[in-house]
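Close look at the chain arrangement
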Amino acid sequence: MQQTTSVVLQIPAPLPADSAAYMQAKLAYHTDAWDVAADLKAGVDEIVVVDTRAHSHYLAGHIPGAISFPHRTMDAQSTAGLDRDKTYVTYCDGIGCNGSTQGAYKLAALGFKVKEMLGGVDFWLRDGHPLANGEAAGRLVPDLPPSSCGCA
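Residues numbered from 1 in each chain as written. Predicted model: local features only at pLDDT ≥ 70, side-chain atom pairs only at ≥ 80, totals over all residues. Heavy atoms only, no water.

Examining the nonpolar core
- Of all hydrophobic cores here, the largest spans 15 residues; its most connected members are Val 36, Leu 40, Val 49, Ile 63, Tyr 91, Met 117 and Trp 124.
- For Met 117, the residues in contact, after removing those within four places along its chain, are Thr 31, Asp 32, Ala 33, Val 36, Ile 63, Val 89, Thr 90, Tyr 91 and Trp 124.
- If you look at the next biggest cluster of nonpolar residues, it comprises 10 residues, including Phe 69, Met 74, Phe 112 and Val 114. (Core = buried A, V, L, I, M, F, W, Y, C linked by side-chain atoms within 4.5 Å. Buried < 20%, exposed > 50% of the residue type's maximum accessible area, 1.4 Å probe, protein only. Contact = heavy atoms within 4.5 Å.)

Below, the structure written as structure tokens:
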């Protein structure tokens, strides 16, 4: 009988405590669409969801409750009115876009608490959440029947 060697285990897995610390640190930097939707539906006001894409993309469809703040416009002057007690959750189109990373970096460099939403609008839609359109931020409404839009 031939012994097989694991490609996965050529580099051994870390100790459980090391894995836990790493995963906890990773979760400090990222969130996902499902968790953001849960907070928006629950009316959690400690977070501000930030659409970092060009404003025209925001108008065409954005996460209900999000503000439009293109990452290219973020600087000390444009962020002066932001609440430093909030945590800002940045998003963009999806994994092929780094606008959320750029926005998170700029906000963090300016002293704001941030998390990046993984997958952006792409994963938001894959999870079955609605988009809002136009200038109004809208809001995500909890527990609507499946035929409803889910945004107001």
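Comments concerning the side chain of Thr 52
- Checked against the element boundaries, Thr 52 lands in the loop between strand E2 (47-51) and helix H3 (55-60).
- Looking at Thr 52, its side chain comes within polar contact range of the main-chain nitrogen of Ser 100, at 3.3 Å.
- When sequence neighbours within four positions are dropped, the list of residues in contact with Thr 52 reads Phe 69, Pro 70, His 71, Met 74, Thr 90, Tyr 91, Cys 92, Gly 99, Ser 100 and Gly 103. (Helix = DSSP H or I, 4+ residues; strand = E, 2+ residues; numbered from the N terminus. Polar contact = N/O pair within 3.5 Å; in protein donor to acceptor, adjacent residues only side chain to side chain.)

Notes on the environment of Lys 86
- Inspection of the secondary structure assignment puts Lys 86 in the loop between strand E3 (67-68) and strand E4 (87-91).
- For the pair Lys 86 and Gln 102, spaced 16 residues apart in sequence, the C-alpha to C-alpha distance is 19 Å.
- Discounting residues that sit within four places of it in the chain, Lys 86 has contacts with Asp 45, Glu 46, Val 48 and Lys 113.

Here's the deal with the packing of aromatic side chains
- In this structure the tally under the stated criterion is one aromatic pair.
- An angle of 85° between the planes, with centres 5.6 Å apart, marks the rings of Tyr 88 and Phe 112 as edge-to-face. Of this pair, Tyr 88 sits in strand E4 while Phe 112 is found in the loop between helix H4 (99-109) and strand E5 (113-117), placing the two residues 24 residues apart along the sequence. For the pair formed by Tyr 88 and Phe 112, the shared burial category is buried.
- The positively charged end of Arg 84 is found above the aromatic ring belonging to Phe 112, 4.0 Å away from the centroid. (Phe/Tyr/Trp six-rings, centres within 6.5 Å; stacked < 30°, edge-to-face > 60°. Lys NZ or Arg CZ within 6 Å of the ring centre and 35° of its normal.)

Thoughts on the sheet that holds E2
- Ordered by their spatial adjacency, five strands build an open sheet running E1-E5-E4-E2-E3, and the pairing between neighbours is parallel. A strand with exactly one partner marks an edge of an open sheet, and here the two such strands are strand E1 (30-31) and E3.
- Across the sheet, helix H1 (residues 16-29) is in contact with E1 and E5; its angle to E5 comes to roughly 95°. (Pairing = 2+ DSSP bridges. Axes fitted to C-alpha atoms, helices over the stretch in contact; angles between N-to-C directions.)

Some remarks on the pattern of salt bridges
- Under the counting rule described, the total for this entry stands at three salt bridges.
- As a salt-bridge pair, Asp 51 and Arg 53 come within 2.7 Å of each other at their nearest N and O atoms. Both residues of the pair, Asp 51 and Arg 53, belong to the buried class.
- The residue Asp 93 makes a salt bridge to Arg 53 at a minimum N-O spacing of 3.0 Å. Of this pair, Asp 93 sits in the loop between E4 and H4 while Arg 53 sits in the loop between E2 and H3, placing them 40 residues apart in sequence.
- The buried category is assigned to Arg 53, whose relative accessible area is 8%.
- Among the ionic contacts, a cluster of salt bridges with common partners joins Asp 51, Arg 53 and Asp 93. (Salt bridge = Lys/Arg side-chain N within 4 Å of Asp/Glu carboxyl O.)

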